[in-house]
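# Structural features, examined
Listed below, chain by chain, are the residues.
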Amino acid sequence: MAARINITYKILFNDAVAMTGGQPVDGPISVDAITRQLAAEGITRIAVVSDAPEKYDSRSGLAPFTTVHHREDLDAVQREMREIPGVTAIVYEQTCAAEKRRRRKRGTMADPARRMVINDLVCEGCGDCGKKSNCLSVQPKRTEFGVKRQIDQSSCNKDYSCADGFCPSFVSVVGGTLRKPDPDSVAARFADDLAALPLPHCSTTADPAEILIVGVGGTGVVTIGAVLAMAAHLEGKASSVLDFMGFAQKGGAVYSYLRVAGDAGRLNQARIDPKQAQLVLACDTVVAASPDALKTVRLGRTRVVANAHVAPTGAFTRDRAKLPDAGSLLRSLRRAAGPDRVEVVDANRVVTALFGDSILANVFLMGVAFQKGLLPVGLEALTRAIELNGTGVPANLRAFAFGRLAAHRPELLATLGAEEEAPATDLAAIVERRAAFLADYQDRAYADRYRALVERARQAEARVAPGSTALAEAVARSAFTLMAYKDEYEVARLHSDPAFAKSLKDRFDGDWKPVFHLAPPLLSRDTNGYGEPRKMALGAWILPVFRGLAACKRLRGTALDPFGYTAERKMERALVARYEATVAEIAERLSADRLATAVELAALPQEIRGFGPVKQRAMEAVEPRWQALELRLRERTAQAA
């Protein structure tokens, strides 16, 4: 203030010292008091930004000139502040999302009867929802038509900012509860198999036993180390646990170093020396394949029990292409430990199918390691340690038992939660599945037009590279992406599809209603903080309208199409025609030395995803590459001539 520096302070008021476990803020403090203190310092432009700005309607406690805004207007407020000379301040008020989840779980905060789901057939996989929410609960979902998005209901903090993504695929389910399998019926189904589990022979004879438990914060990694240490204590053994939790307890890398010995004199240190781990319990494969974890692994000595589920990292929220490669991560573990010393179990899939909540996956994985004889403690001590932990005891004991069953008889649980139909991998299946979809999208003639385009590419490729299908597959996927554009008729058809309604009924119990989050082009007049049309919340009453609109799909692209005159629809129809011309040119100019360029060009439209301004930006990003690849294809033709 004294130096008259041009600067804007951003003060986060998140209701807790959240990164160290949610302790209350020490001393009296409030948003009102902060604004008054800022005003007393001489700051004359102060803004409060909140997820619930209605709390400040009276403005009674705020500094007199303070303005209040919704959090979606944060960017606009920042841009305004940077133009104001001198010192300005933004107070961002919102309870920490992780802390909200803790309080709801403990019953100290109201749990909204609303959950967000994504209709993956409407979703384009553009990633705008991840960018808007920066939330790791928005996770990838691999489908026949590409990598879409889904909400991990086990970790969702009910922040709902994912719905700010400019996409009509988001649906709120208001009322009701998540449907979970009945634990008694699950136990009864596998009762005989669980009762017949043999006690394993412990293969960990080293003293001390050295175990590294790795995963991400908020999933119980530290708890696993504590339970195992307590089990060792109950057996009269000495143990030490050293936890490294990084900068954030939820979502960050967590390393728990556990050492168990017959007497305390053997525990001369807490950390595991390089290449000395006997077991790595890889609750998260990304963390397990990190340098810090791999340096404890020795070929032929270390055993690894790994969760096949690969959680997306923070980078995925900003770049849809930055998905961890599960195959590459597992190869790193096998290279380090040995190909026969890595046990891989899809713990998240099985546990979610059994209990309806993936939070038990780490306990399940501990059960796998126990049944393999890799833990230095017995069943009685482990069971008692889980009981002494005191949180979710019956569920944790069941998860541990089913982990043992997965290790002993993996075939019993292999199909639980598996996808009904895996994505097609051969050309014929790829084409037929998409052609069938396009017939429902428009009509059989439209599907035949698609087939003819792919066949033209296939014949050209067979002429210059017999046995290759790379070009035809690229055309099959790209042509479908462009031809099945999600206009108003299609969004209405997919949201009113009985299959989608059934999927919601399968996931939710009770009296619930769907609410659709859309920005209809003829109704959305206002813009949000991102400069995009503001979305509207439309209740179940809109479903008959959807069905009527879907029935009008034959108007698509005709002079009677009221939506066909918008710039977005004109762009989408032009893209289809342009791509058909591009494929025709590829087929005409194709040769063996131009095949790689042709495949790259043919696959390019798969990057044009999203809706409205998101799709427009994607098109603008792709355009220079499209032109460059066309030029390269033509230049090679000229050189050959």
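Below: a short report on this structure. (Residues numbered from 1 in each chain as written. Predicted model: local features only at pLDDT ≥ 70, side-chain atom pairs only at ≥ 80, totals over all residues. Heavy atoms only, no water.)

Another point: the pattern of salt bridges. Under the definition given, this model contains 44 salt bridges. Across the pair E235 and K237 runs a salt bridge whose closest N-O atoms are separated by 3.2 Å. We classify E235 as partly exposed; its relative accessible area is 33%. Looking at K237, the relative accessible area reads 30%, which means it is partly exposed. For the salt bridge of R451 with E432, the shortest nitrogen-to-oxygen distance reads 3.1 Å. One end of the pair, R451, is in helix α17 (residues 444-464); the other, E432, is in helix α16 (residues 427-441), and 19 residues separate them in sequence. The exposure class assigned to R451 is partly exposed, which follows from its relative accessible area of 27%. Several salt bridges converge on common partners, so that one network encompasses E488, E568, R569, E572 and K615. (Salt bridge = Lys/Arg side-chain N within 4 Å of Asp/Glu carboxyl O. Buried < 20%, exposed > 50% of the residue type's maximum accessible area, 1.4 Å probe, protein only. Helix = DSSP H or I, 4+ residues; strand = E, 2+ residues; numbered from the N terminus.)

Below, the discussion takes up the sheet that holds strand β1 (residues 7-13). In space, the four strands of this open sheet follow the order β1-β4-β2-β3, with parallel pairing throughout. Two strands in the sheet have a free side with no partner beyond their single neighbour: β1 and β3 (67-70). In this sheet, neighbouring strand axes are inclined to one another by 20° on average, regardless of whether the strands run parallel or antiparallel. Looking at chain direction, strand β2 (residues 46-50) and strand β4 (residues 87-93) are connected through five bridges and run parallel. For A47, the partnering residue across the bridge sits in β4 and is I90. (Pairing = 2+ DSSP bridges. Axes fitted to C-alpha atoms, helices over the stretch in contact; angles between N-to-C directions.)

What follows is about the packing of aromatic side chains. For any pair of aromatic rings, geometry is given as the distance between the ring centres together with the angle between the planes. Summed over the entire model, instances satisfying the criterion amount to 13 aromatic pairs. Between Y441 and Y485, the aromatic rings sit 6.2 Å apart at their centres with planes inclined by 75°, giving edge-to-face as the arrangement. Of the two residues, Y441 sits in helix α16 while Y485 sits in the loop between α18 (470-483) and α19 (488-495), which places them 44 residues apart along the sequence. Assessed through its relative accessible area of 0%, Y441 is described here as buried. (Phe/Tyr/Trp six-rings, centres within 6.5 Å; stacked < 30°, edge-to-face > 60°.)

Honestly, it's all geometry; don't read function into it.
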